[in-house]
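# Per-entry structural report
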Amino acid sequence: PALNSFTRYYWRVRIYDLEGRPSNWSLPAWFETALLSPDDWTAAWISDGKPLPTRDEDFYEPDPMPLFRTVFKTSKKIASARLYITGLGYYEAYLNGKKVGDHELDPGWTRYDKEILYSVFDVSSQLKQGANTVGIMVGNGWFNVWPMRMWGRFNLREALVSGRPMVKAQLRILYKDGSVETIHTDRNWQMKTGPVIRNSVYRGEEFDARAIPEGWLTSTGTLPGWTNAREVDGPGGVLKAQLIPPIRVTRRIQPQSITEVSPGVYLADMGQNFAGMVRIRVKGTAGTTIILRYGEDRLPDGNINVMTAVTGQIKSGNGGPGAPPIAWQEDRYTLSGKGVEEWQPRFTFHGFRYVEIRGWPGKPRPEDIIGLRMNSDVQPAGSFVSSNSMFNRLDTITDWTFRSNMFSVQSDCPGREKFGYGGDIVATAESFLYRYDMANFYRKAISDFRNDQCSHGGIPETAPFVGIADKGVCEHSGPIGWQLAYPYMIRQLYDFYGDKAPMEELYETVVKQVALLQQTAIDGL
């Protein structure tokens, strides 16, 4: 029978031997359906309604991100509650003052006019009888990238689906008497500019703790200065439940040392190259600004080498109007002055080993800094160990490297580009598959390439497509080795997991791709 939305289904299995004798039944397992029909969504997309800049240089000006909140009351006993939510480019949700879930940089990056992923959170334990407060922050992510010219040429805003940050959320409460109540985003939600002053998935985040509205996550009353949110049209993509493992903090790393490299300038050595961010713990005067710069190496004089992770080789004033002369990675935090403050960026990530610290009140200690390694939280599927210590070390380095390049797409690097190149997948997919459970990750990658397939059948060099088509067989398609990722992943899902569905669902798209390659071949090549 067809599945129904908002329903939990139980299942179990047994196996048969060569003589046809069955085993015992497994213990029951379950899955739960989300919103299986567009009609299940009652929520609207909401934004601050602010127009996008008309000039490239204006994207780099301070642009405080909006906050959204609503208050609702429950009067009956709650059986369960689920929050269905997405935000473009990224969001972070709170219920009664506590963050919802443990995802970072949600949702996964897709082509937003074709497909938008939403997450489902069990928030039953966070609800309470009486008044409840929901708060949501949004960031630019991949939906509102800055118009920096990568390598002096590629403006991502010309290739990506772009817009003003927005959010869509639906809280479904099932009461013990069987009744259902739905709280959803609409024009009745309240909004106000927040403390995220600037944010770029490449350059970093600037946060002013003095701009955090008092009580916005916990107050159950009306707050001054808040206005109604704006209902807006979304980018048009089909909303789908996010099955790819979410990005999470998968390791916490203490600095091995913090050295004062010049008066008031400190360098924290995390002892390990990784992708993610740092969390700081600090106390100081209101208005004090701490600047964190990131790099993978040091210069001979001991200072940080920020050139090791420069966005798109923008390092000689070639980034276009208003772009920084050198697009290094940098976060800024301005203190509120209210006791001990803890902070980490929310809407960016970096690839680094070293962190340069400026503006710290006093001298930072190792316990004041913690590195947060992040990656799509794929589960282990295989491991390697040998009697050769060099091979074992190489295996460890490989694991860290692979994890640094799984942020909802399999990228080539977590600093300079962060793109999902097909060529990198072709080169390493088998290694990833032996090491991790990649079933849903590669399912999503296949969908990304399909969403950007050209009308003539070509598969792009990167997915989501960012405008790079280097020596492809025709416009917007990639070279052969990069196009290969599409059928290769489909085949690998079958070889490793016995999953025939992608073959069946995408057969015609592969036929179309192969036909194009045959038509454009020169002397059979």
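Above this note sits the structure.
Sequence order as written defines residue numbering, which begins from 1 separately in each chain. Local features in this predicted model are restricted to residues of pLDDT 70 or higher, and side-chain atom pairs are both shown and tallied only at a pLDDT of 80 or more, whereas totals for entire chains, interfaces and linings draw on every residue. The side-chain figures draw on all heavy atoms in the structure; neither hydrogens nor water molecules are used.

A few words now on unusual backbone geometry. The linkage connecting Leu 88 with the following residue, Gly 89, adopts the cis geometry, with an omega of -5 degrees. Elements are defined by DSSP. Helices are runs of H or I of four residues or more, strands are runs of E of two residues or more, and each kind is numbered from the N terminus. Of note, Gly 89 is situated in the loop between strand 5 (78–88) and strand 6 (90–95). In this chain, Ala 463 is followed by Pro 464 through a cis amide linkage whose omega measures -5 degrees. Relative to the helices and strands, Pro 464 is located in the loop between helix 3 (439–451) and helix 4 (480–483). The phi dihedral of Gln 313 is positive, around 60 degrees, even though this residue is not glycine. With respect to the helices and strands, Gln 313 occurs in the loop between strand 25 (304–305) and strand 26 (330–334). Positive phi values are uncommon outside glycine, yet Ser 408 reaches one of about 75 degrees.

A word on the packing of aromatic side chains. To pair, rings of Phe, Tyr and Trp, with the six-membered ring standing in for Trp, must have centres within 6.5 Å; the planes then decide the type, stacked if under 30 degrees apart, edge-to-face if over 60, and tilted in the middle. Within this structure, the stated rule accounts for 24 aromatic pairs. Their ring planes at 80 degrees and their centres at 5.6 Å tell us that Tyr 112 and Phe 143 sit as a pair that is edge-to-face. Of this pair, Tyr 112 sits in the loop between strand 7 (98–99) and strand 8 (115–122) while Phe 143 is found in the loop between strand 9 (130–139) and strand 10 (149–150), placing the two residues 31 residues apart along the sequence. The residues Tyr 112 and Phe 143 share a single accessibility class, namely buried. Between Trp 151 and Phe 154, the aromatic rings sit 6.0 Å apart at their centres with planes inclined by 90 degrees, giving edge-to-face as the arrangement. The classification of residues rests on relative accessible area computed with a 1.4 Å probe and restricted to protein chains. Under 20% of the type maximum is buried, over 50% is exposed, and intermediate values are partly exposed. Note on Phe 154: relative accessible area 17%, which makes it buried.

Let us look at empty space enclosed by the protein. Each cavity reported here is a set of points on a 1 Å grid over the protein atoms alone in which a 1.4 Å probe fits but cannot get out, each pocket an open set with protein on both sides within 12 Å along at least five of seven lines, and each lining residue one with an atom within 4 Å of a point. Grid points are joined across faces, edges and corners, and a volume is the space filled by probe spheres set on the points. Here the structure, examined in full by the defined rule, presents seven cavities of 30 Å³ or more. One number sums up the size of the largest cavity: a volume of about 80 Å³. Along the walls of the largest cavity sit Tyr 91, Glu 92, Ala 93, Lys 99, Val 100, His 103, Glu 104, Leu 105, Asp 106, Phe 121 and Arg 346, which together make up its complete lining. The element contributing the most residues to the lining of the largest cavity is strand 6, with three residues. By the convention adopted, Pro, Cys, Tyr, Trp, Phe, Met, Ile, Leu, Val and Ala count as nonpolar, Lys, Arg, Asp and Glu as charged, and the other residues, Gly among them, as polar. Tallied by class, residues from the lining of the largest cavity come to five nonpolar, one polar and five charged.

The values reported here are purely geometric and, on their own, carry no functional implication.
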